[in-house]
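Observations on the model geometry
Residues per chain, in single letters:
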Amino acid sequence: MARYQEMSERVFAILESFSPIVEPLSIDEAFLELTGTERLLGPAPEVARAIKDRVKGETGLTASVGVAPNKFLAKIASDLDKPRGFSVIGKADTAAFLKGKPVRMIWGVGAASQAQLDAAGIRSFDDLARWDRKDLIHRFGQIGDRLWHLARGEDFRRVNPAEPMKSISAETTFDEDIADRDLLDGHLW
């Protein structure tokens, strides 16, 4: 875990050299605000490529990067083609990008949420976009309003460096695959 933490600190130092506005999501994932840095650093896709190259050059690690006009789309873009992904979703491309995509791509839609959406006949962004905003709010409460906006690629949350980390994890990689439940159970505890 100490090595993982060390590498995380090195990657975050690289991110912070490109922008002072870095919001950590976990030990190995963050949002980076590049608005207003174009004159100094260049267009966001070029900056993202430079970040990937520096991370690889200085740490030996690969990185997935997503460039988009908001956090929701950036998260989706960064998850595409992992572990070496590089995706750009432009504001004008948002509707075409989301067309036909499954709503399970929405960060936070797990099995329970997916079951509720399935019960309402919502399996894709197209299905979600057909719903009236008031009907979504009535059916799903406040999350319905968020879903209505996300169906249109809208996310008004700002990148916030003071935002607490969303998850903490620890990993163990074994030399060989282990299927013995008793052995695995011992490692989990």
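The model shown is predicted, which means the values in this text are computed figures rather than measured ones. (Residues numbered from 1 in each chain as written. Predicted model: local features only at pLDDT ≥ 70, side-chain atom pairs only at ≥ 80, totals over all residues. Heavy atoms only, no water.)

Where strand E1 (residues 22-26) and strand E2 (residues 29-32) come together, four bridges link them in antiparallel fashion. Looking at E2, one finds that Glu23 is bridged to Phe31. Taken together, E1 and the strand that follows it, E2, pair antiparallel across an intervening segment of two residues. (Pairing = 2+ DSSP bridges. Helix = DSSP H or I, 4+ residues; strand = E, 2+ residues; numbered from the N terminus.)

Moving on, we get to empty space enclosed by the protein. Under the criterion given, the structure shown has one cavity of 30 Å³ or more. Taken as a whole, the largest cavity encloses approximately 30 Å³ of empty space. Surrounding the largest cavity, Lys71, Phe72, Lys75, Trp107, Arg146 and Arg157 form its lining. The biggest single contributor to the lining of the largest cavity is helix H4 (residues 71-79), with three residues. Of the residues contributing to the lining of the largest cavity, the split by class is two nonpolar, no polar and four charged. (1 Å grid on protein atoms, 1.4 Å probe; cavity = no way out; pocket = protein on both sides within 12 Å on 5 of 7 lines; lining within 4 Å. Points joined across faces, edges and corners; volume = space filled by probe spheres on them. Nonpolar A, V, L, I, M, F, W, Y, C, P; charged D, E, K, R; others polar.)

Now for the confidence of the model for the chain. On average, residues of the chain score 91 in pLDDT, and 93% of them reach the 70 mark or higher. Of all secondary-structure elements in the chain, the lowest mean pLDDT belongs to helix H10 (residues 181-188), at 73, while helix H7 (residues 125-129) reaches the highest, 97. (pLDDT = per-residue confidence, 0-100.)

Another aspect to go through is the pattern of salt bridges. Pairing between side chains of opposite charge can happen when their charged atoms approach one another. Evaluated as defined, the whole model comprises 11 salt bridges. Residues Asp155 and Arg157 are paired through a salt bridge, measuring 2.6 Å at the closest nitrogen-oxygen approach. Classification of Asp155 as buried rests on a relative accessible area of 13%. Within this structure, Glu29, Lys75, Asp79 and Lys82 form a network of salt bridges that share partners. (Salt bridge = Lys/Arg side-chain N within 4 Å of Asp/Glu carboxyl O. Buried < 20%, exposed > 50% of the residue type's maximum accessible area, 1.4 Å probe, protein only.)

By the element assignment, Phe156 lies in the loop between helix H9 (142-150) and H10. Once the C-alpha coordinates of Phe156 and Leu80 are considered, the two residues, 76 residues apart in sequence, prove to be 22 Å apart.

Here we take up the nonpolar core. Phe72, Ile106, Leu117, Ile122, Leu128 and Phe140 are the most contacted members of the largest nonpolar core, which has 21 residues in total. Where this core is concerned, the elements lending two or more residues are H4, helix H5 (94-98), H7, helix H8 (133-140) and H9. Sorting elements by how many residues they give to this core places H4 first, with four residues. Leave out the neighbours within four places in its chain, and Phe140 touches Gln116, Leu117, Ala120, Ile122 and Leu147. (Core = buried A, V, L, I, M, F, W, Y, C linked by side-chain atoms within 4.5 Å. Contact = heavy atoms within 4.5 Å.)

Moving on: the layout of surface pockets. In this structure, the largest pocket encloses a volume near 1400 Å³. Along the walls of the largest pocket sit 43 residues, with Ala30, Phe31, Ser64, Val65 and Gly66 positioned nearest its centre. Taken together, the elements giving at least two residues each to the lining of the largest pocket come down to helix H1 (2-18), E2, helix H3 (44-59), strand E3 (65-67) and H4. Here the lining of the largest pocket gets seven residues from one element, more than from any other, and that element is H1. Here the residues of the lining of the largest pocket are counted per class, giving 25 nonpolar, seven polar and 11 charged. The space that makes up the second largest pocket amounts to roughly 170 Å³. The residue inventory of the lining of the second largest pocket, partitioned by class, reads three nonpolar, three polar and four charged.

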